[in-house]
Amino acid sequence: ADSLKMDANIVVMGTESVGKSALTVRLLTRRFIGEYGDIESIYSHSFMVDERRTTLNIWDSPCSEDLSVETSLFEKKVQWADGFVLVYSICDRASFNSVSRLIQTIKSTKDYLNADKAPIVVVGNKRDLHHRRTVLSEEARLLALNTGCHFCEVSAAENYHSVLMMFHGLVGRIKGAKLTT
Ligand code: GDP
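Presented here is a report on the structure given in the accompanying data block. Source: prediction; values computed, not measured.

### Looking at unusual backbone geometry
Point 1. Although it is not a glycine, Ser-17 adopts a positive phi angle of roughly 70°.
Point 2. Assignment of secondary structure puts Ser-17 in the loop between β1 (5-13) and α1 (20-29).
Point 3. A positive phi angle, close to 55°, is found at Asp-111, a residue other than glycine.
Point 4. Its location among the elements puts Asp-111 in the loop between α4 (93-110) and β5 (120-125).
Point 5. The exposure class of Asp-111 is exposed, given the 10 C-beta atoms found within 10 Å.

Structure representation (structure tokens):
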């Protein structure tokens, strides 16, 4: 029953230290370790969503996406991916600005048929550091609304469930997304 299976390629992008590895490792191991090596890897992870076995191939890279935009590696990633996790830190305004640039670049490359429901999730990480917040939820929600992306705030450090729900939400979007190409 192929209809009961789904495979999806996901890339996790964002500037340095926003928690890309922390989110990926949290999903895979349920743990928050604190420090992560600089390893470029593709991880595989299977779970059930709506009674369907879903396998995610997650590309986590230590590089800052700001540096690699316009490079061939960046293009390769965008081509490879069915879905995107665009991470910023709620305490880092520059990382948020970078996410909005990433959305534009991805959407101009991918040409989504249903632009209102792009398989892209804008993720505000480090919600536990609310006392140092510089990016309001409302502005991130508005960015997502205006660009047809999904939005959520999570804490890789404190909340496994928020991370799991974020990936599940993206899987739902990928299922619904259709490419014109
Ligand atoms: P990456 O460069 O985007 O892959 O970021 P990392 O996953 O290596 O995380 C960068 C730093 O932020 C590390 O010191 C993590 O421990 C920390 N970090 C990641 N997620 C969170 C979070 O949700 N809350 C807090 N307080 N720290 C986090």
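Additional details are given in the paragraphs that follow.
### Here we look at the sheet that holds strand β6 (residues 150-153)
Point 1. Spatially, β2-β3-β1-β4-β5-β6 is the arrangement adopted by the 6 strands of the open sheet, whose pairing is mixed. Where the open sheet ends on each side, the last strands, each with one partner, are β2 (41-49) and β6. Pairwise comparison of adjacent strand axes, ignoring direction, gives a mean angle of 25° for this sheet.
Point 2. Where β2 lies against strand β3 (residues 52-60), 9 bridges are found, and the strand directions are antiparallel. By the bridge assignment for β3, Tyr-43 is matched with Ile-58.

### So, the environment of Ala-115
Point 1. Tracing the backbone shows Ala-115 in the loop between α4 and β5.
Point 2. Judged by local crowding, Ala-115 falls into the exposed class, with 12 C-beta atoms found within 10 Å.
Point 3. Between the C-alpha atoms of Ala-115 and Ala-157, which are 42 residues apart in sequence, the distance is 32 Å.

### Focus on the site of the ligand
Point 1. Close to the ligand lie 19 residues; Gly-19, Lys-20, Ser-21, Ala-22 and Ala-157 are nearest.
Point 2. In terms of residues, the shell around the ligand owes the most to one element, α1, which gives 3 residues.
Point 3. For the shell around the ligand, the class distribution of residues is 7 nonpolar, 7 polar and 5 charged.

### Some thoughts on the pairing of β5
Point 1. When you tally the buried positions in β5, you get 6 out of 6 residues, the bulk of the element.
Point 2. Along β5, one buried face is formed by Ile-120, Val-122 and Gly-124 and the opposite face, lined by Val-121, Val-123 and Asn-125, is buried too.
Point 3. In terms of strand pairing, strand β4 (residues 83-89) meets β5 through 6 bridges, oriented parallel. By the bridge assignment for β5, Val-85 is matched with Val-121.
Point 4. Alignment of β5 against β6, held across 4 bridges, turns out to be parallel. Within β6, the residue paired with Val-121 across the bridge is His-150.
Point 5. Crossover β5 to β6 through helix α5 (residues 137-147) is right-handed.

Reading the values: the criteria
Residues numbered from 1 in each chain as written. Predicted model: local features only at pLDDT ≥ 70, side-chain atom pairs only at ≥ 80, totals over all residues. Helix = DSSP H or I, 4+ residues; strand = E, 2+ residues; numbered from the N terminus. Buried ≥ 20, exposed ≤ 12 C-beta atoms within 10 Å, placed from the backbone. Pairing = 2+ DSSP bridges. Axes fitted to C-alpha atoms, helices over the stretch in contact; angles between N-to-C directions. Near = placed C-beta within 6 Å. Nonpolar A, V, L, I, M, F, W, Y, C, P; charged D, E, K, R; others polar. Right-handed = clockwise from strand over helix to strand, strands pointing away.

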